[in-house]
Amino acid sequence: MQEYNQMTLKELKMAIQRLDEANVPDDTKVFIDTGWDSIQEVLTETIALEKAQIFQIEDELNGEIFTGYSLLEKAAKMKADGPIEEVIVLKHLY
């Protein structure tokens, strides 16, 4: 199982500082690379502080266990049972 380290607010601030030091213009657009053929826009009103909970899901084909996070309002559907955390979410709703 591959594990990923989630970015923290401190690391986000450091990334923004590096962009500032590289003199990236303030009007430069921000995108998310989802791994598909195109990159996706990040809208200005989409950054929010939300509550989330960790869950695990099993791959039906090979039995491998994967972990993920779900927003609290969808946590029951995902059978989440980890601690509830406050997280920063970039909503991508289209």
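About the criteria used
- Residues numbered from 1 in each chain as written.
- Predicted model: local features only at pLDDT ≥ 70, side-chain atom pairs only at ≥ 80, totals over all residues.
- Heavy atoms only, no water.
- Helix = DSSP H or I, 4+ residues; strand = E, 2+ residues; numbered from the N terminus.
- Buried < 20%, exposed > 50% of the residue type's maximum accessible area, 1.4 Å probe, protein only.
- Pairing = 2+ DSSP bridges.
- Axes fitted to C-alpha atoms, helices over the stretch in contact; angles between N-to-C directions.
- Polar contact = N/O pair within 3.5 Å; in protein donor to acceptor, adjacent residues only side chain to side chain.
- Salt bridge = Lys/Arg side-chain N within 4 Å of Asp/Glu carboxyl O.

A.B. asks: What should I look at first to understand the environment of Lys 77 in this one?
C.D. replies: In this structure, Lys 77 sits in the loop between α2 (72-75) and β5 (84-90). Separated by ten residues in sequence, Lys 77 and Thr 67 place their C-alpha atoms 14 Å apart.

A.B. asks: How should unusual backbone geometry be read in this particular structure?
C.D. replies: Across the chain, the bulk of peptide bonds are trans and the bulk of non-glycine residues have phi less than zero. For Asn 23, which is not a glycine, the phi torsion comes out positive at approximately 60 degrees. The class of Asn 23 is exposed, set by a relative accessible area of 64%. A positive phi angle is found at Lys 79, which is not glycine, with a value near 55 degrees. Among the structural elements, Lys 79 can be located in the loop between α2 and β5. Given a relative accessible area of 70%, Lys 79 falls into the exposed group.

A.B. asks: Looking at this structure, I do not really get the sheet that holds strand β4 (residues 65-71). What am I missing?
C.D. replies: In a beta sheet, neighbouring strands pair by backbone hydrogen bonds and run either parallel or antiparallel. Judged by pairing direction, the sheet is antiparallel, and its three strands sit side by side in the order β4-β3-β5 without closing on themselves. Of all the strands in the sheet, the pair left with one neighbour each is β4 and β5. Neighbour-to-neighbour, the strand axes of the sheet open up by a mean angle of 45 degrees, direction not taken into account. Pairing analysis gives seven bridges linking strand β3 (residues 47-58) to β5, with the strands arranged antiparallel. Its bridge partner lying in β5, Ala 48 is registered against Val 89.

A.B. asks: Just checking my understanding: could you explain the side chain of Gln 40 for this structure?
C.D. replies: Along the chain, Gln 40 turns up in strand β2 (residues 39-41). Taking relative accessible area as the criterion, Gln 40 reaches 15% and is therefore assigned buried. Only 2.9 Å separates the side chain of Gln 40 from the side chain of Ser 38, close enough to count as a polar contact.

A.B. asks: When you look at the pattern of salt bridges in this model, what are you seeing that I'm missing?
C.D. replies: Side-chain pairing between opposite charges can occur once the charged atoms of the two side chains come close. Throughout the structure, instances matching the rule amount to two salt bridges. In this structure, Glu 50 engages Lys 91 in a salt bridge whose closest nitrogen and oxygen atoms are separated by 3.0 Å. Of the two residues, Glu 50 sits in strand β3 while Lys 91 sits in the segment after β5, which places them 41 residues apart along the sequence. Taking relative accessible area as the criterion, Lys 91 reaches 31% and is therefore assigned partly exposed. Lys 51 serves as the salt-bridge partner of Glu 86, at 3.3 Å between the closest nitrogen and oxygen. Note that Glu 86 is positioned in strand β5 and Lys 51 in strand β3, a separation of 35 residues in sequence. Assessed through its relative accessible area of 40%, Lys 51 is described here as partly exposed.

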